[in-house]
Amino acid sequence: MADPKRARIQDVAEQAGVSMMTVSRVLNQDKKVSDKTREKVMAVVEQLNYRPNVSARRLASTKSFFLGLLYDNPSDSYISQFLLAALKKCRALGYHLVVDEAHSDIDKTIESVKQLIDVTQVDGMILLPPMCDNEQVLDVLTKAQVPFVRITPDTKLNRSPYICMDDYQAAFDVTEHLINQGHSKIAHIIGDTKQGVSRLRYQGYLDALRSNKIITPPEYIEQGSFTYQSGMEAAIKLLSLDDKPTAIFAANDDMAAAVISIAQKQGINIPSELSVVGFDDTQLATIVWPNISTVKQPINEMAELAITLLASGQYNDLSNVKSLDLRHILDFELIERESSSANKNN
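Structural notes, computed from the coordinates. Since the structure is predicted, the reported quantities are computational estimates derived from the model, not experimental observations.

Counting across every chain of the model gives four aromatic pairs. Each ring, one from Y168 and one from F172, has its centre 6.4 Å from the other, and the planes form 40°; the classification is tilted. Remark: F172 and Y168 occur in helix α8 (residues 167–180); sequence separation between them is four residues, near one turn of the helix. Note on Y168: relative accessible area 26%, which makes it partly exposed. In this structure F172 comes out as buried when scored by relative accessible area, which is 15%.

This is the structure we're talking about:
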């Protein structure tokens, strides 16, 4: 009987009722395997917590079974959620994830990426914002013939498969939701200027106000950087205004949580005196009190899809792939919680 702490490929095959060759084909993303068989085998793989011997698989395949992930994102909540989902998906598919943080010096980042490629021979890379738009990084990967998937890029959309959501529409919808609740004094804390999503969320906010004929004073708009600290600094400025906003839309949950903290220190009741909404629906949104109303960005789904696309190898050759087939747009959802409510002061 097999050691339950270390399942073997034979154990997976026996429990799934297939041959060891079929299990191997499933783990190697062979497209000839039917969806039904693939699902059955992967269910057993997860149940037995089977982890393939990477060295043996590399000898039997041209793949390394390593995937890389490069990030330079100030939001710890976003990064941790994305990484956990990606790691879980890698484990299910028999891959290992190698994570690297970009340096402030782009030359050092480039050298780090080159070293990652040389040492691990990664089968693909995931680029989180803002690295997804760094042309030097893209050029290095292209020259090394390493496939890559980008998360919410803002430029060069025909260079690789990418995964995103409609940040503009989500910001428009959440702003209009506040307007429908009776708010007209709505402030906004913009996200990191290096990320295209910040511009899209800001534009969605502005257009929702304009479409409802609401004029917003410039002092209602503060620049943040997706960090808790920047949210605190912006909140202090907004809540020190003589004509305070009745609602603040922060471009991510970290900054929204900071707004709640500052408001509570100043004795401002949330949500009766101030409604606060964020963006992303990270775990932080339900840790702070009041829980944050926010836009649910499909972070887990983005991570899982990125791993799946790279593991499948379907984008290893982009010569015959149409531009539209590179785009993967996932749905968002507005989540109402205790941090926002109807404006009763009008």
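Once that is clear, we can look at empty space enclosed by the protein. Counting across every chain of the model gives one cavity of 30 Å³ or more. Split by residue class, the lining of the largest cavity holds four nonpolar, six polar and two charged.

As a further point, take unusual backbone geometry. Of note, the amide linkage connecting P129 to P130 takes the cis form, showing an omega dihedral of 5°. The residue P130 is located in the loop between β3 (124–127) and α7 (135–143) in this model. Looking along the chain, the bond that leaves I270 and enters P271 is cis, with omega of 10°. Along the chain, P271 turns up in the loop between α11 (253–265) and β9 (275–277).

A large share of strand β6 (residues 186–190) lies buried, amounting to five of its five residues. Neither face of β6 is open: one carries I186, H188 and I190, the other A187 and I189, and all of them are buried. Bridge analysis of β6 against strand β8 (residues 247–250) gives four bridges, and the strand direction is parallel. The partner of H188 across the bridge, within β8, is F249. Bridge count between β6 and strand β7 (residues 221–223): three bridges; the pairing is parallel.

Once that is clear, we can look at the pattern of salt bridges. For the structure on display, the rule yields eleven salt bridges. In this structure, R210 engages D207 in a salt bridge whose closest nitrogen and oxygen atoms are separated by 3.4 Å. Placement of the pair is R210 and D207 together in helix α9 (residues 196–211), with a separation of three residues, close to one helical turn. A salt bridge links R337 to D281, with the nearest nitrogen and oxygen atoms 2.9 Å apart. On the criterion of sequence distance, the pair formed by R337 in the segment after β12 (333–335) and D281 in the loop between β9 and β10 (294–296) is long-range, its members being 56 residues apart.

Reading guide: rules and limits
- Residues numbered from 1 in each chain as written.
- Predicted model: local features only at pLDDT ≥ 70, side-chain atom pairs only at ≥ 80, totals over all residues.
- Heavy atoms only, no water.
- Phe/Tyr/Trp six-rings, centres within 6.5 Å; stacked < 30°, edge-to-face > 60°.
- Helix = DSSP H or I, 4+ residues; strand = E, 2+ residues; numbered from the N terminus.
- Buried < 20%, exposed > 50% of the residue type's maximum accessible area, 1.4 Å probe, protein only.
- 1 Å grid on protein atoms, 1.4 Å probe; cavity = no way out; pocket = protein on both sides within 12 Å on 5 of 7 lines; lining within 4 Å.
- Points joined across faces, edges and corners; volume = space filled by probe spheres on them.
- Nonpolar A, V, L, I, M, F, W, Y, C, P; charged D, E, K, R; others polar.
- Pairing = 2+ DSSP bridges.
- Salt bridge = Lys/Arg side-chain N within 4 Å of Asp/Glu carboxyl O.

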